[in-house]
Amino acid sequence: MADTAKEVKEIRLIECESLIKRIRDVLSVNIVLGEQSEIVEVHVLAEAGRNAKQIVRDIETLLQVEYGIDLDHKKVSIVQLNQGQKLAHEKRLNFTGISYSLQGSQLEAVVELAADKRTCQGRSSGVNTRRNGIRLFAQATTEAIKQFLAPGATLIFEDVAQFSLGSQTIIATTLTLLHDISEETLVGSALIRHDDKDAVVRATLAAINRRVPLEL
């Protein structure tokens, strides 16, 4: 008899987290992989509209269908926000402007972010190469974000990459958040709609969405 067991697919972290975010009421997700690239923890922030057990079952079903993984429900932790918490967390930074200047081989990237009546700019400069150019815009975005951080929080830009997923081209950024004595790696992604500069800013903002303490 032919073996009908579903083959386990390799986990692509950004892709998998994006799929889980599509589940009803899920706001954000962070997957922790082990040394063998197996899922050891799934942390989910969700609205309080449904029972947490139903969200866990949806995640288990998605991983089974998409990746052939039988996930132990004990590895999934759900934090649900009540209405008051949700309103507080929905305060976000707005991307209001981007510009750059070239002097020979040197590029200066400038990104402007705003919240309420406050506007801040972040700047970064360096050698203008195809890869380093998008790094500079990610660094400039991070520098702008830092001006809105709550006391005790530090944000460090780590890396940016461009890759294809199906017919789409995606920008992904990674940041490290240091808050009091804790350290967390943040990942954000965005589709390239018009140009990669705009996508870099949106990806960097996606990484901090609902995860970074801001003073807005």
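Structure's up top.
This text gives an overview of the structure that appears in the document. What you see is a predicted model, and the numbers here were worked out from it, not measured in a lab. (Residues numbered from 1 in each chain as written. Predicted model: local features only at pLDDT ≥ 70, side-chain atom pairs only at ≥ 80, totals over all residues. Heavy atoms only, no water.)

So, helix α2 (residues 52-67)
- In a regular helix each residue adds 1.5 Å, so 16 residues correspond to 22 Å; α2 covers 22 Å between its end C-alpha atoms and thus fits that length.
- Looking at α2, one finds that the buried residues are I55, V56, I59, L62, L63 and Y67. Along the axis of α2, the buried residues cluster in a sector spanning 125°; they form a single face. Turned more than 90 degrees from where α2 packs its buried face, K53 and V65 sit exposed.
- Here the buried face of α2 lies against α1 (13-21), β1 (26-33), β2 (39-47) and β3 (76-81). (Helix = DSSP H or I, 4+ residues; strand = E, 2+ residues; numbered from the N terminus. Expected span 1.5 Å × (residues − 1). Buried < 20%, exposed > 50% of the residue type's maximum accessible area, 1.4 Å probe, protein only. Arc of directions from axis to C-beta. Contact = heavy atoms within 4.5 Å.)

Examining the pairing of strand β6 (residues 118-127)
- Pairing analysis gives 10 bridges linking strand β5 (residues 106-115) to β6, with the strands arranged antiparallel. When the bridges of β6 are listed, L113 appears paired with C120.
- Where β5 hands over to β6, the hairpin turn is made up of two residues, of which D116 adopts a positive phi near 55°. (Pairing = 2+ DSSP bridges.)

Comments concerning the packing of aromatic side chains
- Overall, the coordinates contain one aromatic pair when judged by the stated rule.
- Where Y100 meets F137, the ring centres are 6.2 Å apart and the plane angle is 85°; that geometry is what we call edge-to-face. Of the two residues, Y100 sits in strand β4 (residues 94-103) while F137 sits in helix α4 (residues 130-146), which places them 37 residues apart along the sequence.
- Given the relative accessible area of 47%, Y100 is considered partly exposed.
- Take F137: its relative accessible area is 2%, and that puts it in the buried class.
- Against the face of F148 rests R118, its NZ or CZ located 4.6 Å from the ring centre. (Phe/Tyr/Trp six-rings, centres within 6.5 Å; stacked < 30°, edge-to-face > 60°. Lys NZ or Arg CZ within 6 Å of the ring centre and 35° of its normal.)

Quick look at the sheet that holds β4
- The three strands are arranged β4-β5-β6 in an open sheet whose pairing can be described as antiparallel. For this open sheet the edge positions go to β4 and β6, each flanked by a neighbour on one side alone. Averaged over all pairs of adjacent strands, the angle between their axes in this sheet comes to 15°, without regard to strand direction.
- Relative to β5, β4 runs antiparallel, the two sharing nine bridges. The residue of β5 that forms the bridge with G97 is E112.
- Relative to β6, α4 is tilted by about 150°, and along the sheet it contacts β4, β5 and β6. (Axes fitted to C-alpha atoms, helices over the stretch in contact; angles between N-to-C directions.)

Re unusual backbone geometry
- At D25, a residue that is not glycine, the phi angle is positive and equals roughly 75°.
- Of note in the backbone geometry, S37 takes a positive phi value of approximately 65° without being a glycine.

What about the nonpolar core?
- Grouped together as the largest cluster of nonpolar side chains are 33 residues, with contacts concentrated most on L93, L113, I145, L155 and I208.
- Counting 21 residues, the second-largest nonpolar core is a separate cluster that includes I11, V42, A46 and V56. (Core = buried A, V, L, I, M, F, W, Y, C linked by side-chain atoms within 4.5 Å.)

Some points on the environment of N30
- Relative to the helices and strands, N30 resides in strand β1.
- Judged by relative accessible area, which is 18%, N30 ranks as buried.
- In sequence terms N30 and G68 are 38 residues apart; their C-alpha atoms lie 19 Å from each other.

Looking at the sheet that holds β2
- Pairing is mixed across the open sheet formed by three strands, whose spatial order is β1-β2-β3. Each edge of the sheet is formed by a strand with only one pairing partner; in this case those strands are β1 and β3. Taken pair by pair, the neighbouring strands of this sheet meet at an average axis angle of 15°, ignoring direction.
- In the packing of α1 onto the sheet, contacts are made with β1 and β2, and the angle to β1 comes to roughly 150°.
- Sitting on the sheet, α2 is in contact with β1, β2 and β3, with an inclination near 135° to β3.

A look at the pattern of salt bridges
- Inspection of every chain in the model, using the stated rule, returns eight salt bridges.
- Among the ionic pairs, E143 bridges to K146, the shortest N-O distance being 3.0 Å. Remark: K146 and E143 occur in helix α4; sequence separation between them is three residues, near one turn of the helix.
- Here R202 and D198 are joined by a salt bridge, their closest N and O atoms 2.7 Å apart. With R202 and D198 both in helix α5 (residues 196-208) and four residues apart, the pair spans about one turn of that helix.
- When its relative accessible area of 19% is taken as the criterion, R202 is described as buried. (Salt bridge = Lys/Arg side-chain N within 4 Å of Asp/Glu carboxyl O.)

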